[in-house]
Amino acid sequence: MIYVLAAIGALTIAVLMWKAFGPQATGEARRRPRQAPIAPDDDPDFLRRISEQQRKQRRSEDD
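Residues numbered from 1 in each chain as written. Predicted model: local features only at pLDDT ≥ 70, side-chain atom pairs only at ≥ 80, totals over all residues. Heavy atoms only, no water.

In this structure the tally under the stated criterion is two salt bridges. Where Asp45 meets Arg48, a salt bridge forms, and the shortest distance between an N and an O atom there is 3.8 Å. On the criterion of helical spacing, the pair formed by Asp45 and Arg48 is a turn pair, its members being three residues apart in helix H3 (residues 44-62). Classification of Arg48 by relative accessible area gives partly exposed; the value is 42%. Residues Glu52 and Arg48 are paired through a salt bridge, measuring 3.4 Å at the closest nitrogen-oxygen approach. One end of the pair, Glu52, and the other, Arg48, are both in helix H3, four residues apart, so they sit about a helical turn from each other. (Salt bridge = Lys/Arg side-chain N within 4 Å of Asp/Glu carboxyl O. Helix = DSSP H or I, 4+ residues; strand = E, 2+ residues; numbered from the N terminus. Buried < 20%, exposed > 50% of the residue type's maximum accessible area, 1.4 Å probe, protein only.)

All we've got here are geometric facts, nothing functional implied.
Structure representation (structure tokens):
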């Protein structure tokens, strides 16, 4: 019976140590909200680059 209690106590201590010092102990992953990927048609930089490329292409075709 004492061995069962010792095993439960050791397991409890191991879980608490993992929670305290595990990979996400700093909470860094929890502080940063996950950013959803931006679709190309929703990305203003992408749309601006496409617009500039089209303007350059039109200018080169007109000349």
